[in-house]
Amino acid sequence: QVQLVESGGGLAQNGGSLRLSCAVSGSASSWISMAWFRQDLGKGLEIVCGLSWRGTTYYADSVKGRFTISRDFAGNTTYLQMNSLKPEDTAVYYCAADYFWDCTVVRGRIDYDYWGQGTQVTVSS
């Protein structure tokens, strides 16, 4: 059973930085694809970025150039480095994982079977 545990959320100032971590256990980590989603109050869950098992990345236009997704060599931990944070980045962030044949980033929330518990990111203006 794949388990995801997130950490690293918190409060940041406008223009500040935060790094989220997602520890993956119970899987063949190097073959698993990862993604970060977020959900603000009253809004739907949206994909922020993703990293396929082959190393392909995807970033939503709203975070391109500011956020970076990466993983450690063993594939056990995935990171989301968030720079130049804006108040509109405020949301609960979730990491998600699954195994796909597709070597590109799968973007649909319903395609991911494994989810972390979520971590709050709040950016003050």
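Novice: Explain the pattern of salt bridges to me, and be specific about the residues and the numbers.
Specialist: Inspection of the entire model under this criterion finds four salt bridges. The closest approach of N and O atoms between Glu46 and Arg38, which form a salt bridge, is 2.7 Å. A relative accessible area of 37% means that Glu46 is categorised as partly exposed. Arg38 is paired through a salt bridge with Asp89; the nearest N and O atoms lie 3.0 Å apart. You can see Arg38 sitting in strand β4 (residues 33-39) and its partner Asp89 sitting in the loop between β8 (77-82) and β9 (91-98), a full 51 residues away along the chain. Where salt bridges share partners, they join Arg38, Glu46, Arg66 and Asp89 into one cluster.

Novice: Just give me the short version of the environment of Cys22, but keep the residues and values in it.
Specialist: Topologically, Cys22 is positioned in strand β3 (residues 18-25). Note: C-alpha distance between Cys22 and Ala97 (75 residues apart in sequence) is 10.0 Å. Non-local contacts of Cys22, meaning those with residues more than four positions away in its chain, are made with Leu4, Val5, Glu6, Met34, Trp36, Asn76, Thr77, Thr78 and Cys95.

Novice: Would you mind going over the sheet that holds strand β1 (residues 3-7) in detail, with residue names and values included?
Specialist: Overall, antiparallel pairing links the four strands, which are arranged β1-β3-β8-β7 in an open sheet. Every interior strand has two partners, whereas the edge strands, β1 and β7 (67-71), have only one. Strand-to-strand twist across the sheet, computed as the mean angle between neighbouring axes with direction ignored, equals 15 degrees.

Novice: Quick one: what's the story with the side chain of Ser21, residue by residue and with numbers?
Specialist: Tracing the backbone shows Ser21 in strand β3. With sequence-adjacent residues up to four places away left out, Ser21 is seen in contact with Val5, Glu6, Ser7, Trp36, Thr77, Thr78 and Tyr79.

Novice: Account for the state of the cysteines, with residues named and values stated.
Specialist: The tally for this structure, following the rule as stated, stands at one disulfide. Disulfide partner of Cys22: Cys95, at an S-S distance of 2.1 Å. Disulfide Cys22-Cys95: the torsion about the S-S bond is 60 degrees, which places it as right-handed. Of this pair, Cys22 sits in strand β3 while Cys95 sits in strand β9, and the two are 73 residues apart along the sequence. The cysteine Cys103 is free of any disulfide, with Cys49 supplying the nearest cysteine sulfur at 18 Å. The class of Cys103 is partly exposed, set by a relative accessible area of 25%.

Novice: Before we move on, can you summarise the nonpolar core with the specific residues and values?
Specialist: Of all hydrophobic cores here, the largest spans 36 residues; its most connected members are Leu4, Trp36, Phe67, Leu80, Met82, Tyr93 and Tyr112. At the level of elements, β3, β4, β5 (46-51), β6 (57-59), β7, β8, β9 and β11 (119-124) are the ones that each hand at least two residues to this core. In terms of residues, this core owes the most to one element, β9, which gives five residues. Leaving out residues up to four positions away in the same chain, Met82 has contacts with Gly16, Ser17, Leu18, Leu20, Arg66, Phe67, Tyr93 and Val121.

Criteria and cut-off values
- Residues numbered from 1 in each chain as written.
- Predicted model: local features only at pLDDT ≥ 70, side-chain atom pairs only at ≥ 80, totals over all residues.
- Heavy atoms only, no water.
- Salt bridge = Lys/Arg side-chain N within 4 Å of Asp/Glu carboxyl O.
- Buried < 20%, exposed > 50% of the residue type's maximum accessible area, 1.4 Å probe, protein only.
- Helix = DSSP H or I, 4+ residues; strand = E, 2+ residues; numbered from the N terminus.
- Contact = heavy atoms within 4.5 Å.
- Pairing = 2+ DSSP bridges.
- Axes fitted to C-alpha atoms, helices over the stretch in contact; angles between N-to-C directions.
- Disulfide = S-S within 2.5 Å.
- Core = buried A, V, L, I, M, F, W, Y, C linked by side-chain atoms within 4.5 Å.

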